[in-house]
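# Descriptive structure summary
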Amino acid sequence: MLNNIGLPGLLLIAIVVLVLFGRGKISSLMGEVGKGITAFKKGVDDGKKEIEDNADVTAEAARDVTPEDDKKDKV
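In this report, the structure presented in the accompanying data block is examined. What you are looking at is a predicted structure, and each value in this text was computed from that prediction instead of being measured. (Residues numbered from 1 in each chain as written. Predicted model: local features only at pLDDT ≥ 70, side-chain atom pairs only at ≥ 80, totals over all residues. Heavy atoms only, no water.)

Scanning the protein from terminus to terminus reveals one helix and zero strands. Burial analysis of the protein (75 residues in total) assigns 1% to the buried set. As presented, the protein carries roughly 7600 Å² of accessible surface, and 62% of it is formed by carbon and sulfur atoms. (Helix = DSSP H or I, 4+ residues; strand = E, 2+ residues; numbered from the N terminus. Buried < 20%, exposed > 50% of the residue type's maximum accessible area, 1.4 Å probe, protein only. Areas by Shrake-Rupley, 256 points an atom, 1.4 Å probe, with all protein chains shown as cover.)

Here you go:
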């Protein structure tokens, strides 16, 4: 059903939405969508930074702490 819309159908839908909601309402809605996308990107970047910070701490904690003893256990 949606495969047959085409350009004229999309233009008709855009005109109907513009008439129903008005230019001001649509622009404010798009502004809110933009703010949401920006907040999402910031959250993703913060999450990546937190994961990288935790990886550095984990790598430091996972270093080899085996005592350097010349004597080996003989069985």
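This paragraph deals with the pattern of salt bridges. Across all of its chains, the model carries one salt bridge by this definition. Residue Lys35 is joined to Glu32 by a salt bridge in which the shortest nitrogen-to-oxygen separation is 3.9 Å. Of the two residues, Lys35 and Glu32 are both situated in helix α1 (residues 6–61); the distance of three residues between them amounts to about one turn of the helix. The residues Lys35 and Glu32 share a single accessibility class, namely exposed. (Salt bridge = Lys/Arg side-chain N within 4 Å of Asp/Glu carboxyl O.)

This next bit is on a nonpolar patch on the surface. On the surface, Ile5, Leu10, Leu12, Ile13, Val16, Val17, Leu20 and Phe21 cluster together to form a nonpolar patch covering roughly 740 Å² of accessible area. Inspection of the secondary structure assignment puts Val17 in helix α1. Note on Val17: relative accessible area 33%, which makes it partly exposed. (Patch = residues over 30% accessible without salt bridge, like charges linked within 9 Å, V, L, I, M, F, W, Y side chains within 5 Å.)

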